[in-house]
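Okay, here's what each chain looks like letter by letter:
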Amino acid sequence: MVSPCLNTFCGGMGSGTGNAIVKYLWKKSKKHACYFIYYKKKFEKFKEQFDLLKAITDDTQRKVEISKRNNEVISDEVNLWLNKVIELEEKFNNIENNFDRIVENEKYCIPSLIFRYKVGREATRKKDKTLKLLDQSKFQSFSHILDPSAVNHPSNIDFVSFGATKEAMQKVIDALNDDKVNLIGIYGMGGVGKTTLIEEISRKMKEAETFDMVMDVVVSQNPNIAQIQRDIADALGMRESSNKMLATRLKQVKKVLIMLDDVWARLELVKEVGIPYREHKGCKVILTSRKAETCNVMEADVSVEVATLSKEDSWQLFRMRAGQVAESDGIEPIARKVAQECCGLPLAIVVVGRALRSYEDASAWEDALSQLKQSVPLNMEEVEEKLFKPLELSYQNLKTAELKQLFLYCCLFREDYNISEDEVTRYAVGENLLSNLSTLEDVRGRVHFLLQKLKLSCLVLDSKKAGCVKLHDVVRDVAVYIGFKDNNHFLVKAGLGLIDWPKYENLAECKRISLSNNFLQEIPEKPNCSKLVLLLLNMNPITSVPINFFENMVTLNVLDFSSTEITSLPSSLTCLKCLGTLRLDRCKRLNDINVVGELKTLIILSLQQCKGISALPETVDGLVKLKLLDLSNCTLLQIPRNLIPKLTQLEELYLRGYNVTEALFVEIASLKRLVRVELYVKDAQDFSLKVIPSNAFKNLCHFIIYNELDWFTMASAYQRKLFIKQASQSVIIWGMPFLRGTEDLMLDSCQCNLTDLTPLENMSCFANLKSLTLTNNHQIQCLLRSTNGTPSNAFGELVKVNILNMEKLEQICHGHLPDLSLRKLRTLVLKRCRNLVDILPRDLLQRVHSSLVELLLEGCPGPGILLNFEELGHDSVFFPKLQTIRLSQISDVISFCTGVVPPGSLHNLTTFEVVNCEKLSYLFSPTLDATHSRLLPSDTFKKLKHLKIMGCPCLKHVFLPSIANELQSLERLEIKNNDSMETIIAEEEGCDLEKGAFPMLNRLLFIKLPVLCCFFKGEPAKTLDWPSLEYIHLGDCSKLAGLPIGRESAQKLKKVHVVRLNDVDWFTTLKWEDDTIKSRFDIIFIWMFLFLDLQVCPEGRKGCGCRIPLDFLFREGRCGGRRPRGSEIVDMEAKQWREESRAVRGKSNELFACEQEEDDDDATELAVFSINRIRMI
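Residues numbered from 1 in each chain as written. Predicted model: local features only at pLDDT ≥ 70, side-chain atom pairs only at ≥ 80, totals over all residues. Heavy atoms only, no water.

Taking an unreviewed UniProt entry as the reference, the protein is identified by name as AAA+ ATPase domain-containing protein belonging to Zingiber officinale. Quoted verbatim from the Sequence similarities (unreviewed entry) field of the UniProt record, the comment on the protein reads "Belongs to the disease resistance NB-LRR family." (UniProt positions renumbered as here; feature names shortened; annotations may be inferred.)

See the structure below:
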């Protein structure tokens, strides 16, 4: 009904026009009125959809974490989607806050008319965006391996195989292959090489893909169950780490190996940790301990001792580490005695050998031998007597006092801690440990150099975490003892589970105290620590600090209260007249730091994630010696205007996650000494054109500038990074200092009206650029438009190019490619560039082929032939370093390559994937060259390990026999969704498939190949040896009549996996060389799915706890292959599910569709059908 008022208003107009206007105004008014009237309903609908989106986002984040741990890089499609969800979440929070405000106001009858309208309108708009994101959550490509070399699991350089270690390793591997063994104990004295041994076992298991997952967890002498659970949860990509959740998730992993290093006492693995190694037969655990008794109390199925090295093996290892000097005349007899004094312990042999490597005087060796024969301190209970003297000798032989002091610094941290170079630097600066260095950058460089020297001495170890080192627990014990005795006066009780302040008589003599990682809640009043220079109380639940606590610590240089529960700082802090470093990171309850302004000697002030601090005291401008200020993620903090410019000595400023406004950015630009800066500039695109002077930021050696909150996590190993979204012309102007220095540049949705990057290149913007990512820059037509004025070294240092969603991109370079351009390019990624036809033109290919390691192409039309070797000539070796090729959705490509491939080309290729290339008819040219017997020289693909062909409907075969015979390294062959695939290997005149083909193949997958009739079109009864084959996965290959497996073939193959129940029946019809062959295998029909609770049971019962697997929905094509929503679960075809579940029950009585027990956790069912027997695992 139209309002009469509107009719009256429009009465003077023509009836047609008037009615049209009335209807238009009424429609608009009604729409806006609905925002106001139905705001609650609209918000609830929005919230319902957003909660579903958040659940999918959490799942995606977990998959991201798992992919990253598997050395895979996440596709930009996924990253962009996650970024959009984060943006939407911020909007949702604002709408939810307004909604809560309405509810609160209406309790007191306060009208909230404006908020009602805003909530209704925004909820409606954002719901549509939520639905769009839900539809986009079906990613075409989730991740891919970043660097193929990482997949090869390079050998552990610390592992040397001798008689004792060989024997122990073989026993462990035999136990891992024994289905009856689930818990393996490895024991031996400290320093004998247990950790190195399990690291090598881990590498071997990953390399062989024996287990689906291999996890390494450090337990230590004082185990933290929660930390152990977190480590396992991280490996699984879980956020929750309760024992119940872990157990459920681990049961879903078919084969998982968990390595628990350094166990000292019994752990309740099942009840407390959540490792179901007894009930889940696919879960195996290896633990290491110094004592055999620990393996016994842990009830290990098998215990393996790692014995000390024999006399001859000890000498061989010592000779390797000490070098040729150990075998020189006059020294060798002494060296052999020195090696013998190390008692066969690899750790001692290595550190002593390295310590004596540079001594060519026999008297030095005699002195070392004398020291090794001296008595051992009686109170070193934690350290084996045989280890103490060798380690102390290595310490004493450190050349400088700096090296010795830095080594002792490393014992301040808890056992098995990843010791960050940055942390050590911040402590060292506060104590003026390296007094001859004036700048922080010099100290950082020196700390890095000294730690590298300590690595060479084998006193510190590499860490898996970038920028960190670790101490072997035995070496740390010796360091703690050395730090305690003589004049060092270290008191280290880090990570020992202390509840009370330690009672120590000589506290007044202590110079350095570390009580970090304990359970201290209270600390004493006015402790007598008159000589103390360093105090670490971080990671303790300390709630308050006594007012007079610091009165007797006037010499204190370094104080760390990070990750405590304190709310304020005591007034006695002003007594610290020498304090150089103050760390209060992650003190989330801290709200009062006014006293900090009185600490005039501060050099380093770190307040990361202190989210309770609302304002930085204006007195901070008096900290005239301050060189480092870290305010990262202090989201509520207000920095007083004009405070930053007064900190004239500032060299490093960290404002990650803190919104740097234009005014603050201008102030930061005035700092002349700044060399390191990390800034989140949320509104970068709105900054003025000339916001900073031309000479600003000229001394920077490290920077990260970004304007998307979560982009900081994408930071690479490069020192200088600039990540900007929606870059305007102003960004180009004020960002010039960063553009000229950046090594890693990412531009998303650029708004600069650039059709190419040549103008920036001509301004020397990319002189140091190594990684370039361009996304959604729809104006850019090419990267480089070459003219006479283009620098010859344009993009000369570029190592990686990543171009995504560039609709108008037509080519990489227009015109003649400059002489030195792109000569170092290792990775080329082009995705969804719809107008890019000539992907690799001849001049570009000839320039980049010699350096290229990784080539990823997706969603581009592409040429008919990707690599035309006929045009390239036969004189050069092409792609000598290329390791990975991934082609996806290259719509026009017919063949990967054609022409004669020059010898030596492509010989390092390890991974080759072709996905959804609709016109691909053959991988290689199908005809022979008139003057060459073959187009592919021998050994072309000799290193190929992984081959995947998926979604290529025109492809009728994969190989010719001549190629298949040379795939000597192929480990995984995956052929999926190829509708026209008739055979894997076609016939070839004059060449037959060899019986020993594919000697290394261990995984074979044929899925959805509806017309595949045979493996090889040659001899019908051809069988292969398959010496390495362990895994076959088949599905929907109904025309396949047989597998090329004979009586003596595939001795390692025990199980064949199938996708559907129908495949079980199909497998029984396959033809074999001998009918007894099929009885060797179990047919595995795997259901790995998440259950969804139903209100209505398919069997008609109510309240039975019945659950439907998501996999059933996806497998049968219901809900469009996506996660079902709401009532769809109830309305699904229950009848068909019931029939299928009954079919399963007909095979095994142990699989039920309905489960009476109430259990909200994920579950896994695994049904196994054997030809001769039916059983359930």
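## Observations regarding the overall build of the protein
Within the protein one finds 32 helices and 45 strands. With 1177 residues in all, the protein has 53% of them scored as buried. A fraction of 70% describes how many contacts in the protein between residues 6 or more apart in sequence connect residues 24 or more apart. (Helix = DSSP H or I, 4+ residues; strand = E, 2+ residues; numbered from the N terminus. Buried < 20%, exposed > 50% of the residue type's maximum accessible area, 1.4 Å probe, protein only. Contact = heavy atoms within 4.5 Å.)

## So, the sheet that holds strand β6 (residues 283-289)
Pairing is parallel across the open sheet formed by five strands, whose spatial order is β4-β5-β6-β3-β7. Single-partner strands in this sheet number two, and they are β4 (213-218) and β7 (302-305). Each strand axis lies, on average, 15° off the axis of its neighbour in the sheet, ignoring direction. Against the sheet, helix α8 (residues 194-208) engages β3 (183-187), β4, β5 (256-261) and β6, with an angle of about 165° to β5. (Pairing = 2+ DSSP bridges. Axes fitted to C-alpha atoms, helices over the stretch in contact; angles between N-to-C directions.)

## Focus on the packing of aromatic side chains
Pairs of aromatic rings are described using the distance from one ring centre to the other and the angle between the two planes. Taken as a whole and judged by the stated rule, the model has 32 aromatic pairs. Taking the centre distance of 5.4 Å and the plane angle of 45° together, the rings of Phe687 and Trp734 count as tilted. In this pair, Phe687 is assigned in the loop between β19 (676-680) and β20 (702-706) and Trp734 in helix α23 (residues 729-734), connecting sequence segments 47 residues apart. Ring centres of Phe1067 and Trp1072 lie 5.8 Å apart, and the angle between their planes is 65°; this geometry places the pair in the edge-to-face category. Take Phe1067: its relative accessible area is 1%, and that puts it in the buried class. Under the relative-accessibility criterion, Trp1072 is labelled buried at 10%. One aromatic cluster is present, built from ring pairs that chain together Phe665, Phe687, Phe697, Phe703, Trp734 and Phe738. When the ring centre of Phe211 is taken as origin, the NZ or CZ atom of Lys255, which lies over that ring, is 5.2 Å away. Directly above the aromatic system of Tyr395 lies the positively charged group of Lys404, at a separation of 5.8 Å from the ring centroid. (Phe/Tyr/Trp six-rings, centres within 6.5 Å; stacked < 30°, edge-to-face > 60°. Lys NZ or Arg CZ within 6 Å of the ring centre and 35° of its normal.)

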